[in-house]
Amino acid sequence: MSEVKQANPIRVLVAKPGLDGHDRGAKIVARALRDAGMEVIYTGLRQTAEQIANAAIQEDVDVIACSILSGAHNTLLPKIYKLLCEEDAQEDILFIAGGVIPDEDIPGLKEQGVAEIFTPGTPTTSIIEYIQDAVKREGKL
Amino acid sequence: MSDSKETLGAQTQPHYLDESLAEYQAQVDKVNARFPERKQEFTTGSGDSIQRLYTPKDLEAQPNAFDYEQDLGFPGQYPFTRGVQPTMYRGRLWTMRMYAGFGTAEESNARYKYLVSQGSSGLSVAFDLPTQIGYDSDHDLAEGEVGKVGVAIDSLADMEVLFDGIPLDQVSTSMTINAPASVLLAMYIAVGEKQGVPASKLRGTIQNDILKEYIARGTYIFPTAPSMRLITDIFEYCASDVPLWNTISISGYHIREAGSTAAQELGFTIANGVAYVEAALKAGLDIDLFAPRLSFFFNAHNDFLEEIAKFRAARRIWARLMKERFGAKNPKSWALKFHTQTGGSTLTAQQPDNNIVRVAIQTLAAVLGGTQSLHTNSKDEALALPTESAVQVALRTQQIVAHESGVANTVDPLAGSYYIEAKTSELEEAALAYIKRIDDLGGSPKAIDAGYIQDEIMDAAYDHQKLVESQERIVVGMNKYIVEEPPPSGLLKVDLSVGERQKEKIAAIKASRNQEQVTDCLTAIRQACEGEENVMPLILEAVKAYATLGEICGVMREVFGEYQQSVSL
Amino acid sequence: MKTAQSLGLALDQGQRRAVARLITWAERNDPRAYQVLSERYANTGRAFVLGVSGPPGSGKSTLTDAFIRRLRAQGQRVGVIAVDPTSPFTGGAVLGDRVRMNEHATDREVFIRSMGTRGHLGGLSKATSAAILALDLYGCDTIIVETVGVGQSEVDVMRVCDCTLMVMVPGLGDEIQAIKAGVMEVGDVFVVNKSDLAGARRTARELRAMLDLNHGEWRPPVEQIIATQAEGLDAAWTAIETFISFNAEGNRAYQRRFESVKHELLGLMQSAILEKASQSQAHVLKIDELCAQITRRELDPYSALNQVLAILFSATR
């Protein structure tokens, strides 16, 4: 059984909601997660909340990681969470975000379903550890 | 046999420095034995190996031994390594051009007036993302984005407000607009007309560099081929009607921000430049008519000396390409003029005051590299759009360098430095290798479609990230010298109601304009897009009739389709 | 949806989260997946399964995207399984095929699932077959299976399909020679994508020449297309339809599915035996000990095999 478990990678949807085209952060995180043995589903730029929620559900991911730098986070992130709730998927999916998000916006976003927010300068190792711990804690795998 | 060959190889002329160099080496070994150097290998900010010491010998390395006249020449002369004007900053300082824009046209207009009153010598307009991607503020995809990273412009009415009270014959305006550049340029021309300023007197720049959008910045709309056609339409139109306008700003800035090395920034940007030149030639334009209006845009990153060498190399590469490869005759076609912005990705959210120092160093590099204009980032830009006071410090940084540091008093003061000249040549060589590779792939657009350029940048970005995380590269305040600090306060917030206000404005415009005229204009644009007629004059007519940006781009989307991203990870 | 029963119920109600979870279970080789599928196997086999394969960068996803558009215009429900390689070093993968299909990302009638090849022996085709069944039960009329056409596991996946489209690009040259052995034989229809590039005609010609040499009753057609500009797609689709009608003659379709089922069952046996063998190799089979004996010439491999088989099959009853 333990062998089977090892072959089950954590599945993460790395998404860029909104119109901003700066995907360096998203791509670095995607690579780092891959190198940490995860299966990363990358959706590319300009994703609507609907596209992200749909992809997360079809792909049955354990984690959604959104990167957003345009300042539209207060609009787009809660919307994604709301869509997950509509399909009862919020319990199964860990929803995290990163990017240029002011500290003062973080409590509000957490209230609206974002489990954790990683601001500029966060090492990828912290994100990896956070995901691994959270997924383990939830007993997802 | 092999003996004689080796003897031959060893028989290169002994150098007059050999003896003293050997002595120096012995001294180094002795010191190293007791006090080893801090690292095994020293590298530049781009990861290139750097020697302990550079001497005249490094400039004499065959086969490309340094030759003053061929490799440097004099300022204002081919190959322009030392600068594009004979007197450089002794004549006129660089243009201090602060990129700004947020919220509505009214708010941005106020910021521009403030900047001009503070000594800013050129305007630089930041547009919000919906504008950059050709959507009106009332489009679904614009939700939450209106006025966020720049000003929202939906129709000529917004543009009139944006430049209200700013005489367009007295400022030069740079607009960071790419995919819908023709529409925004048309609006600017129309505002000029209303102010009584003819298009022939307008000065400024549109970024208009779609290739780097595919590579690094992401605000593309149309596929490669129609995008290139729109760009050559602009070249052609401006050559006759807006002769003082810089029709493109070929940008390495965003390529560097995406994580490239200095050599990649040079190589990929200039390869894009080559693609635009080739497209214009293919469209039948005369190189010496459009090439003088091409300009570049580079990043000023942290590695001070490497960056200076980069700017100098850029001028030399471009001059040689234009003259030798494209046969341009006009010296203005050879001279690479460029705008610089300090490196946004070098700023840290931690201890933001440190960013002021980074920006100052980068400013010095840009000036010592001979930039024509400069935007200095504000200390709080890793956190949000800059506040007015942060912008003031950033502008003051340029003014201190200009008036107090003394570096602007002589032209290209670092020329002749063994290291600077060796590094300039090394970067030139590395950039040319990238350009060669891209030529082999069929040119920049093909290399982008194949994901080659994006892959190379991503590899460099990921390497950098790993070095930072392992603390092999120190970022002060972020991975070393960390302190506990309170969350930053006093950041600029963009009013959420901007979107609503813009929607109301669009509705009002649509209710008051001559709808029939708009429909005719849009039909004319559609036909031009389907055929080969230059689309610029028709766009100008459409914006004057208050057709919106979204309507015009919408028609073009229908004809051209949309670009599909090539994903590289 | 924790048990096979509750998931099965949700699946029968047409909930897409149930389909998604069922595929996850199949990928993890979770017995619950097979329980759900065995109970419903009789209801499967309705969807048309189209394989799309070809080397990396040949434009498979763009082509798949174009096919989805076409099928949606006909009112079909479409399933897509996009397989990308897993890194053998880290076990991780970046699955980026959805990027090309974003247009359909919110279409409830399109279900797209990305899969990594992961490491397991024979497991990929097992998981893919299960995913096909899941999408079939979800009511997809057409299921497109997209794989990188290299390696045996992908070839195995292609065998499951009712029609396999091989996507080639100009300038492969030697690579065509190299891949022909395994891959050429599973292609029913060939397209040369990016036909605006130099050498497209030559590639098509070479392919035709190669196919002329060695084919059965069906000589796979070769079409030149430009997927990004939707050029040649009609011809490509017609070629697929021609193959379908050819296949519908006599009992060819039955024969093809029979072969595929046989292949699948043999594959399942193989992986089950291997799994069993690897699970019990240390304590029951004592493989290392046998190898030591063989190395010392105290035993020969053939007799060792007989010993192993005897133990394995007696253990299975």
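Residues numbered from 1 in each chain as written. Chains lettered and ligands numbered in written order. Predicted model: local features only at pLDDT ≥ 70, side-chain atom pairs only at ≥ 80, totals over all residues. Heavy atoms only, no water.

### Regarding the overall build of chain C
Next up, step 1: Counting secondary structure elements, chain C contains 12 helices and eight strands.
Next up, step 2: Against the compact-globule benchmark of 20 Å for 317 residues, chain C has a radius of gyration of 22 Å, which places it among compact chains.
Next up, step 3: Along the first, second and third principal axes, the C-alpha set of chain C runs to 65 × 50 × 45 Å.
Next up, step 4: Residues classed as buried in chain C amount to 51% of the 317 residues present.
Next up, step 5: For chain C, the exposed area adds up to about 14,900 Å²; of that, 54% sits on carbon and sulfur atoms.
Next up, step 6: Mean positive and mean negative side-chain charge positions of chain C (36 and 36 charges, respectively) differ by 5 Å. (Helix = DSSP H or I, 4+ residues; strand = E, 2+ residues; numbered from the N terminus. Rg over C-alpha atoms; globule rule 2.2 N^0.38 Å. Buried < 20%, exposed > 50% of the residue type's maximum accessible area, 1.4 Å probe, protein only. Areas by Shrake-Rupley, 256 points an atom, 1.4 Å probe, with all protein chains shown as cover. Lys, Arg positive; Asp, Glu negative; His and termini not counted. Charge placed at Lys NZ, Arg CZ, Asp CG, Glu CD.)

### Comments concerning the interface of chain C and chain A
In many reports, interface size means the accessible area that the parts give up when they come together.
Next up, step 1: The interface of chain C with chain A comprises 29 residues on the first partner and 33 residues on the second.
Next up, step 2: Contact between chain C and chain A buries roughly 2,700 Å² in total, counting both sides, with carbon and sulfur atoms accounting for 42%.
Next up, step 3: Looking at the side of chain C facing chain A, the largest losses of area belong to Arg-16, Arg-17 and Arg-28 of chain C, adding up to 25% of the total buried there.
Next up, step 4: On the surface where chain C and chain A come into contact, there are 10 salt bridges.
Next up, step 5: Elements that contribute at least two residues to the side of chain C that touches chain A include exactly helix H2 (16-27), strand S3 (93-95) and strand S4 (110-116) of chain C. (Contact = heavy atoms within 4.5 Å. Buried area = accessible area lost by both parts, 1.4 Å probe. Salt bridge = Lys/Arg side-chain N within 4 Å of Asp/Glu carboxyl O.)

### A word on a nonpolar patch on the surface
Residues and elements named next belong to chain C.
Next up, step 1: Residues Leu-265, Leu-266, Leu-268, Met-269, Ile-273, Leu-305, Leu-309 and Phe-313 make up a contiguous nonpolar surface patch of about 690 Å² in total accessible area.
Next up, step 2: Those elements giving two or more residues to the nonpolar patch turn out to be helix H10 (252-285) and helix H12 (301-315).
Next up, step 3: Looking at the secondary structure, you find Leu-305 in helix H12. (Patch = residues over 30% accessible without salt bridge, like charges linked within 9 Å, V, L, I, M, F, W, Y side chains within 5 Å.)

### Considering helix H6 (residues 124-137) of chain A
Next up, step 1: Counted at 1.5 Å a residue, the expected span for H6 of chain A with its 14 residues is 20 Å, and the 20 Å between its end C-alpha atoms agrees.
Next up, step 2: Next to the buried residues of H6 of chain A lie helix H2 (24-35), strand S3 (63-68), strand S4 (94-99) and strand S5 (116-118) of chain A together with helix H20 (452-469) of chain B. (Expected span 1.5 Å × (residues − 1).)

### Re the pattern of salt bridges
Next up, step 1: As enumerated under the stated definition, the model contains 69 salt bridges over all chains in all.
Next up, step 2: For Lys-544 of chain B, the salt bridge identified is with Glu-193 of chain B, shortest N-O distance 3.1 Å. With Lys-544 of chain B in helix H23 (residues 536-544) and Glu-193 of chain B in helix H8 (residues 181-195), the pair connects residues that are 351 residues apart, well separated along the chain.
Next up, step 3: Classification of Glu-193 of chain B by relative accessible area gives partly exposed; the value is 39%.
Next up, step 4: Across the salt bridge formed by Asp-12 of chain C and Arg-40 of chain C, the nearest N and O atoms sit 2.8 Å from each other.

### Some points on the confidence of the model for chain C
Next up, step 1: Of all residues in chain C, 91% have pLDDT values of 70 or greater, and the mean over the chain is 87.
Next up, step 2: Overall fold confidence for the complex sits at a pTM of 0.91, while the interface term, ipTM, reaches 0.92. (pLDDT = per-residue confidence, 0-100.)

### Digging into the nonpolar core
Next up, step 1: Counting 152 residues, the largest nonpolar core has Met-159, Val-183, Ile-525, Ile-552 and Met-556 of chain B as the members making the most contacts within it.
Next up, step 2: With sequence-adjacent residues up to four places away left out, Ile-552 of chain B is seen in contact with Val-183, Leu-522, Ile-525, Ile-539, Ala-542, Val-543 and Ala-547 of chain B.
Next up, step 3: In terms of nonpolar packing, the next biggest core, distinct from the first, is built from 37 residues, Leu-7, Ile-132, Tyr-138 and Val-145 of chain C among them. (Core = buried A, V, L, I, M, F, W, Y, C linked by side-chain atoms within 4.5 Å.)

### Points about the sheet that holds strand S1 (residues 11-15) of chain A
Next up, step 1: Strand order in this open sheet of six strands is S5(A)-S4(A)-S3(A)-S1(A)-S2(A)-S3(C), and the pairing throughout is parallel. In this open sheet, the two edge strands, each paired with only one partner strand, are S5 of chain A together with S3 of chain C. Averaged over all adjacent pairs, the angle separating strand axes in this sheet is 25°, with direction ignored.
Next up, step 2: The sheet strands contacting helix H3 (residues 49-59) of chain A are S1, strand S2 (39-42) and S3 of chain A, and the helix crosses S1 of chain A at an angle near 165°. (Pairing = 2+ DSSP bridges. Axes fitted to C-alpha atoms, helices over the stretch in contact; angles between N-to-C directions.)

### Some words on the interface of chain C and chain B
Next up, step 1: Listed per partner, the contact involves four residues of chain C and six residues of chain B.
Next up, step 2: Here chain C meets chain B over a buried area of about 460 Å², counting both sides, of which 64% is carbon and sulfur.
Next up, step 3: By the criterion of area lost to chain B, the three top residues of chain C are Val-94, Val-99 and Arg-100 of chain C, representing 77% of everything that side buries.
Next up, step 4: Counting across the chain C and chain B interface gives zero salt bridges.
Next up, step 5: Viewed at the interface, chain B and chain C are joined by zero residue pairs in polar contact (both at pLDDT 80 or more). (Polar contact = N/O pair within 3.5 Å; in protein donor to acceptor, adjacent residues only side chain to side chain.)

### Topic: the pairing of S1 of chain A
Residue and element names in this part refer to chain A.
Next up, step 1: Taking burial as the measure, the five residues of S1 include five buried ones, the bulk of the element.
Next up, step 2: Going residue by residue along S1, you find Arg-11, Leu-13 and Ala-15 tucked away on one face and Val-12 and Val-14 tucked away on the opposite face as well.
Next up, step 3: Relative to S2, S1 runs parallel, the two sharing four bridges. Within S2, the position partnered with Val-14 by the bridge is Tyr-42.
Next up, step 4: Following the backbone out of S1, through H2 and into the adjacent parallel S2, one traces a crossover that is right-handed.
Next up, step 5: Looking at chain direction, S1 and S3 are connected through four bridges and run parallel. Each bridged residue has a counterpart across the sheet, and for Val-12 the counterpart in S3 is Val-63. (Right-handed = clockwise from strand over helix to strand, strands pointing away.)

### Re the sheet that holds strand S7 (residues 294-300) of chain B
All names here are of chain B.
Next up, step 1: With respect to topology, nine strands assemble into an open sheet ordered S5-S4-S3-S2-S1-S9-S8-S7-S6, the strand pairing being parallel. The open sheet has two free edges, formed respectively by strand S5 (245-246) and strand S6 (248-251), since each of these has just one partner strand.
Next up, step 2: Bridge count for strand S4 (residues 203-206) against S5 is two bridges, and the pairing is parallel. Its bridge partner being in S5, Thr-205 is matched across the sheet by Asn-246.

### Quick look at the packing of H8 of chain B against helix H10 (residues 224-241) of chain B
Helix packing for two helices is described by the angle between their axes and how far apart those axes are.
All names here are of chain B.
Next up, step 1: Here H8 crosses H10 at 25°, and the two axes come no closer than 10 Å. In terms of their interaxial angle, H8 and H10 are classed as roughly parallel. Judged by the sense of rotation from one axis to the other, the crossing of H8 with H10 is left-handed. Contact residues: Ala-181, Ser-182, Leu-185 and Ile-189 in H8; Ile-234, Tyr-237 and Cys-238 in H10. (Parallel < 35°, antiparallel > 145°, perpendicular 65-115°, else oblique. Left-handed = near helix turned anticlockwise from the far one by under 90°.)

### As for the domain arrangement of chain C
Next up, step 1: What the domain assignment lists for chain C is domain 1 (1-43), domain 2 (45-248) and domain 3 (261-315).
Next up, step 2: One C-alpha centre belongs to domain 1 of chain C, the other to domain 3 of chain C, and the line joining them spans 32 Å. (Domains from an automatic or database assignment.)

### Remarks on the side chain of Asn-272 of chain B
Residue and element names in this part refer to chain B.
Next up, step 1: Following the sequence through the fold, Asn-272 ends up in helix H12 (residues 262-282).
Next up, step 2: Residue Asn-272 is classed as buried on the basis of its relative accessible area of 0%.
Next up, step 3: In terms of polar contacts, Asn-272 uses its side chain to reach the side chain of Ser-444, at 2.5 Å.
Next up, step 4: Excluding residues that lie within four positions of it along the chain, Asn-272 makes contacts with Leu-211, Lys-212, Ile-215, Ile-250, Ile-255, Ser-444 and Ile-448.

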